Amino acid sequence: MTALLSDPQAWLAFATLAVLEIVLGVDNIIFISIMVSRLPHAQQRVARLGGLALAMCTRIALLYSIVWLTRLTQPLIELGSELLSGRDLILLAGGLFLLAKSVIEIHHTLEGAARGSRPQLVAGVVLTAIQIAFIDIVFSLDSVFVAVGLAKDLAIMVAAVIAAILVMMWVAGAIGDFVDRHPTVKMLALAFLILIGATLVAEGLHFEMPKKYIYFAMAFAAAVELINLRLRE
């Protein structure tokens, strides 16, 4: 451990991985903001921190299961002319989940569905935290593969994951409050989730969709919305 702390290359690998985890976690923060917005305000922080804590544990568990991760890329089933691996199935499941969740949330927002449909608040908080942890596995799968390729020491990868999750815990609340205060931003965030879900489904079916174009479209739409917000003020 002392050798790692005194190694500049180890610090460079840590900084690179931490920034990568944070950048790739932007879509996760959007999902978290939407998920906890349906809970009472007093319970949102508990669900947010609980979900991210579970997400941190699952990411670390994935890093410690490097051998199992390599097996995820091996073909499991055949769908038409495509051979799907465990990674493809996880991406498919996560993409379909995001699509369904986003459409349901848009329906509730536009149609004014009753908000009293949670029979037990505790169950709602726990379920929300579990869903945050589940979708984090989907979002972080590629970044974990990249981390394994960039850093050879497991301690560096774990430290980068912990640092990224702590940053997400710090900023997720402010982002969530901002989304709650601006309904148009919430709809834009839901549109982003639909786009991300469609991208995950396409990747699971081996359709190449360059992410730089998707991120550019999201950044452009977000910039336009920020200008609209400024003009309304």
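Visitor: Give me the lowdown on the side chain of Lys186, citing residues and values where you can.
Guide: Mapped onto the secondary structure, Lys186 falls in helix α9 (residues 183-204). Within polar-contact distance, the side chain of Lys186 engages the side chain of Glu105 at 3.3 Å. Setting aside its immediate chain neighbours within four residues, Lys186 contacts Ile34, Ser37, Glu105, Thr109 and Val179.

Visitor: Just give me the short version of the layout of surface pockets, but keep the residues and values in it.
Guide: In this structure, the largest pocket occupies an estimated 460 Å³ of space. What lines the largest pocket is a set of 21 residues, and nearest its centre among them are Val26, Ile30, Phe192, Met218 and Ala222. Secondary structure elements with two or more residues in the lining of the largest pocket: α2 (8-24), α3 (26-36), α8 (154-181), α9 and α10 (211-232). Ranked by residue count, the leading element in the lining of the largest pocket is α10, at seven residues. The residue makeup of the lining of the largest pocket, split by class, is 18 nonpolar, one polar and two charged.

Visitor: How would you summarise empty space enclosed by the protein if you had to cite specific residues and measurements?
Guide: Counted by the stated rule, this structure contains one cavity of 30 Å³ or more. Put simply, the largest cavity is a space of about 40 Å³. What lines the largest cavity is Phe31, Ile34, Met35, Lys101, Ser102, Glu105, Leu190 and Leu193. If you list the elements that add at least two residues to the lining of the largest cavity, you get α3, α6 (86-111) and α9. Of the residues contributing to the lining of the largest cavity, the split by class is five nonpolar, one polar and two charged.

Visitor: Explain the environment of Gly25 to me, and be specific about the residues and the numbers.
Guide: Note that Gly25 resides in the loop between α2 and α3. Take Gly25: its relative accessible area is 1%, and that puts it in the buried class. Separated by 142 residues in sequence, Gly25 and Val167 have C-alpha atoms that sit 9.9 Å apart.

Visitor: Explain the packing of α6 against α9 to me, using residue names and the numbers behind them.
Guide: Running from amino to carboxyl end, α6 crosses α9 at an angle of 155 degrees, the nearest separation of the two axes being 7 Å. The orientation of α6 relative to α9 falls into the category roughly antiparallel. Judged by the twist between their axes, the crossing of α6 over α9 is left-handed. Among the residues making up the contact of α6 with α9, the classes are represented as 16 nonpolar, six polar and five charged.

Visitor: So what's going on with the environment of Val171? Residues and values would help.
Guide: Take Val171: it is sitting in helix α8. The exposure class of Val171 is partly exposed, given its relative accessible area of 25%. For the pair Val171 and Ile29, spaced 142 residues apart in sequence, the C-alpha to C-alpha distance is 8.5 Å.

Visitor: Quick rundown of the pairing of strand β1 (residues 75-79)? Include the residues and the values.
Guide: With zero of five residues buried, β1 lies mostly on the surface of the structure. Taken together, the four bridges between β1 and strand β2 (residues 82-85) define a ladder with antiparallel strand orientation. Considered in β2, the bridge of Leu79 is made with Glu82. With antiparallel pairing between neighbouring strands as the criterion, β1 and β2 make up a hairpin whose turn holds two residues, including Gly80 at a positive phi of roughly 65 degrees.

Visitor: Now, about the packing of aromatic side chains: what can you tell me, with residues and values included?
Guide: This model, assessed by the stated rule, comprises three aromatic pairs. Ring plane angle 55 degrees and centroid distance 6.2 Å describe the contact between Phe31 and Phe97, whose orientation is recorded as tilted. Of this pair, Phe31 sits in helix α3 while Phe97 sits in helix α6; the two residues are 66 residues apart in sequence, bridging distant segments of the chain. Phe97 gets classed as partly exposed once you look at its relative accessible area, which sits at 23%. The interplanar angle of 85 degrees and the centroid separation of 5.5 Å between the aromatic rings of Phe97 and Phe134 together place this pair among those described as edge-to-face. With a gap of 37 residues between them, Phe97 in helix α6 and Phe134 in helix α7 (residues 121-150) connect regions that are remote in the sequence. By relative accessible area, which is 34% here, Phe134 ends up partly exposed. One aromatic cluster in this structure is built from Phe31, Phe97 and Phe134.

So, how was this worked out
- Residues numbered from 1 in each chain as written.
- Predicted model: local features only at pLDDT ≥ 70, side-chain atom pairs only at ≥ 80, totals over all residues.
- Heavy atoms only, no water.
- Helix = DSSP H or I, 4+ residues; strand = E, 2+ residues; numbered from the N terminus.
- Polar contact = N/O pair within 3.5 Å; in protein donor to acceptor, adjacent residues only side chain to side chain.
- Contact = heavy atoms within 4.5 Å.
- 1 Å grid on protein atoms, 1.4 Å probe; cavity = no way out; pocket = protein on both sides within 12 Å on 5 of 7 lines; lining within 4 Å.
- Points joined across faces, edges and corners; volume = space filled by probe spheres on them.
- Nonpolar A, V, L, I, M, F, W, Y, C, P; charged D, E, K, R; others polar.
- Buried < 20%, exposed > 50% of the residue type's maximum accessible area, 1.4 Å probe, protein only.
- Axes fitted to C-alpha atoms, helices over the stretch in contact; angles between N-to-C directions.
- Parallel < 35°, antiparallel > 145°, perpendicular 65-115°, else oblique.
- Left-handed = near helix turned anticlockwise from the far one by under 90°.
- Pairing = 2+ DSSP bridges.
- Phe/Tyr/Trp six-rings, centres within 6.5 Å; stacked < 30°, edge-to-face > 60°.

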